Amino acid sequence: MPLTRRSLIQSAVAAALVPAFTAVAHSAARGEAPMTTAKPFKLAIADADIADLRHRLRSARWPVEVAPDTWERGIPGGYLRQLAERWVAFDWRAKEAELNRYDQVMLDFEGAQIHAFHIRSRHADAMPLVLCHGWPSSGIEYLKLVEPLTNPADPRDAFHLIIPTAPGFGLSPAPGQPGWTAGKTAAAIVELLNQFGYDRFAIHGTDMGSDVAAQLDVLTNGRAIGLHLGTDLDSVIAVASFMGGDLSQNPVLTAEQRERADALLARVADRSGYIAIQSTRPKTLGYALNDSPIGQLAWIAEKFAAWTNPGKATIEEAVDIDQFLTNVSLYWYGGGGSASANALWEAFKAMGWAPPSATPRGVAVFNASDLVRPLFDPQQQIAHWSEFTQGGHFPAMEEPELLAEDLRTFFVSLRA
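Being a predicted model, the structure only gives us computed values, none of them experimental. (Residues numbered from 1 in each chain as written. Predicted model: local features only at pLDDT ≥ 70, side-chain atom pairs only at ≥ 80, totals over all residues. Heavy atoms only, no water.)

1. Digging into the side chain of Gln323
- If you trace the backbone, Gln323 turns up in helix α15 (residues 321-333).
- Polar side-chain contacts of Gln323 include one of 2.9 Å to the backbone oxygen of Ile140.
- Look past the residues within four positions of Gln323 in its chain and what remains in contact with it is Ile140, Glu141, Leu143, Lys144 and Met397. (Helix = DSSP H or I, 4+ residues; strand = E, 2+ residues; numbered from the N terminus. Polar contact = N/O pair within 3.5 Å; in protein donor to acceptor, adjacent residues only side chain to side chain. Contact = heavy atoms within 4.5 Å.)

See below:
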């Protein structure tokens, strides 16, 4: 996602994308009286909605396919049918009960609703940690981090987790008005943190979540203990493409590295149709995503297949298929396809850079190569820099133990 990956890099080296906030958002940052109280929440999808989804999946109208066994033109129909069959058989009620074991809240904020998991460690002095998701994802992305982060072997490594979902990304309903940017989501998270009583906290984000994380850091003006970001090779190459893609004068790369980077850049256009549509005509696409679960499944599955560990042949090899289907289900039930497409449109219209903060930064790179740091952090200003050959764009789903350990390592030195 060019915009969000661009800001991922900028926020790591010294800048953050911060649109103008409303007076109410500023008052939340100052710790004044909250607008509304976050209310306890439990998932309860209506029986009729579950039945409707299964009916639509079973009665899908499949197209005639050209080159049905290749990914060259998009997700192959045969593989998509297999995913659809698994979705039909998916036991939503069992998953819903599992999710409802976690404490959840819903906050009304400036005309939208923000869902968040608030999962406290049994260790009272655990560090609060905000986990910010990207696209096409939600707070569901981070659930495999719950056990290793809230219940570690060493109590000094324990975290209380705050896992919000941006408005329109499934768990949080689609907002009915324009203007919901990543900055506004950050302002809502400030309200949650104030109501939870957390004066100091840690922040992690990937993809669009890196925008939210960086803006949360700036908006709270020194309350963040540290800012940890996740990225991957594909994201960094996409940013290079978005920022011009001319590496010929890059003094940090060797000639051999420039040749490899240019080869990767040449592939970006073929994989960026989704962003061109969502950043320009999200409504037109949104009608299809909101009306067809097969369309919604294909739209998300194609990105999971493209962006997870390239060494994994299928989505189910790269991530837990039940976790993937939980995310897809919540996008369907919550209208997340249309709403999250609109969120990308909003993000492109809200571009504007703010001064950097002094908050310590850490970066974890997945599917790493020697191209990443010269492009991401050419001056090597980031003290905590970790690289993993495993994983990809969704590290919390693909390699949760590696990500959990890197979060512990980074934040342990910052504990007061």
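Moving on, there is more to tell.
2. Details of the sheet that holds strand β5 (residues 127-132)
- Here nine strands make up an open sheet; going across it, the order is β2-β3-β4-β6-β5-β7-β8-β10-β11 and the pairing mixed. Two strands lie at the open edges of the sheet, namely β2 (39-40) and β11 (384-388), each paired on one side alone.
- Judged from the four bridges that link them, β5 and strand β6 (residues 159-165) form a sheet pairing that is parallel. Paired with Leu129 across the two strands is Leu161, which belongs to β6.
- The strands touched by helix α19 (residues 400-412) are β5, β6, β7 (201-206), β8 (224-232), β10 (361-366) and β11; relative to β8, the strand with the most contacts, the crossing angle is about 145 degrees. (Pairing = 2+ DSSP bridges. Axes fitted to C-alpha atoms, helices over the stretch in contact; angles between N-to-C directions.)

3. What about helix α4 (residues 77-89)?
- Relative to the 18 Å expected for 13 residues at 1.5 Å per residue, α4 spans 18 Å between its end C-alpha atoms, a close match to the ideal helical length.
- Looking only at α4, the buried set comprises Gly77, Tyr79, Leu80, Leu83, Ala84, Trp87 and Val88.
- Contacts from the buried residues of α4 go to α3 (47-58), α13 (293-307), α14 (315-318) and α15. (Expected span 1.5 Å × (residues − 1). Buried < 20%, exposed > 50% of the residue type's maximum accessible area, 1.4 Å probe, protein only.)

4. As for α13
- An ideal rise of 1.5 Å per residue puts 21 Å on 15 residues; α13 measures up with 21 Å between its terminal C-alpha atoms.
- Within α13 the residues assigned to the buried category are Pro293, Ile294, Gln296, Leu297, Ala298, Ile300, Ala301, Lys303, Phe304 and Trp307.

5. Re the nonpolar core
- Grouped together as the largest cluster of nonpolar side chains are 68 residues, with contacts concentrated most on Trp87, Leu129, Leu145, Leu161, Ile315 and Phe324.
- Ignoring anything within four residues of it in the chain, the contact list for Phe324 reads Leu297, Ile300, Ala301, Phe304, Ile315, Val319 and Met397.
- Formed by 31 residues, the second largest nonpolar core is a distinct cluster that contains Val130, Tyr198, Ile203 and Ala214. (Core = buried A, V, L, I, M, F, W, Y, C linked by side-chain atoms within 4.5 Å.)

6. Section: empty space enclosed by the protein
- In total, this model carries four cavities of 30 Å³ or more according to the counting rule given.
- Residue assignment for the lining of the second largest cavity shows that the elements contributing at least two residues are α3 and α15.
- No other element matches the three residues that α3 contributes to the lining of the second largest cavity.
- Each residue belonging to the lining of the second largest cavity can be placed in one class, and the counts come to six nonpolar, one polar and one charged. (1 Å grid on protein atoms, 1.4 Å probe; cavity = no way out; pocket = protein on both sides within 12 Å on 5 of 7 lines; lining within 4 Å. Points joined across faces, edges and corners; volume = space filled by probe spheres on them. Nonpolar A, V, L, I, M, F, W, Y, C, P; charged D, E, K, R; others polar.)

7. Examining the pattern of salt bridges
- Applying the stated criterion to the full structure yields 16 salt bridges.
- Here Lys95 and Glu98 are joined by a salt bridge, their closest N and O atoms 3.3 Å apart. Highlighted residues: Lys95 and Glu98, both in helix α5 (residues 92-99), separated by three residues, approximately one helical turn.
- Judged by relative accessible area, Lys95 falls into the buried class, the value being 13%.
- Here Glu98 falls in the partly exposed class, since its relative accessible area comes to 31%.
- In this structure, the salt-bridge partner of Asp320 is Lys144, at a minimum N-O distance of 3.1 Å. (Salt bridge = Lys/Arg side-chain N within 4 Å of Asp/Glu carboxyl O.)

8. Regarding the packing of aromatic side chains
- Within the structure shown, the criterion is met by 15 aromatic pairs.
- When the ring of Trp135 is compared with that of Trp307, the centres are 6.1 Å apart and the planes differ by 70 degrees; the resulting orientation is edge-to-face. With a gap of 172 residues between them, Trp135 in the loop between β5 and α6 (146-150) and Trp307 in helix α13 connect regions that are remote in the sequence. For the pair Trp135 and Trp307, a shared accessibility class is recorded, and that class is buried.
- Taken together, the aromatic side chains of Trp135, Tyr274 and Trp307 make up a single cluster linked through ring pairs.
- The positively charged end of Lys184 is found above the aromatic ring belonging to Trp180, 5.0 Å away from the centroid.
- Of note, Arg415 hangs over the ring of Phe159, and the distance from its end group to the ring centre comes to 5.3 Å. (Phe/Tyr/Trp six-rings, centres within 6.5 Å; stacked < 30°, edge-to-face > 60°. Lys NZ or Arg CZ within 6 Å of the ring centre and 35° of its normal.)

Coordinates in, geometry out; function isn't part of it.
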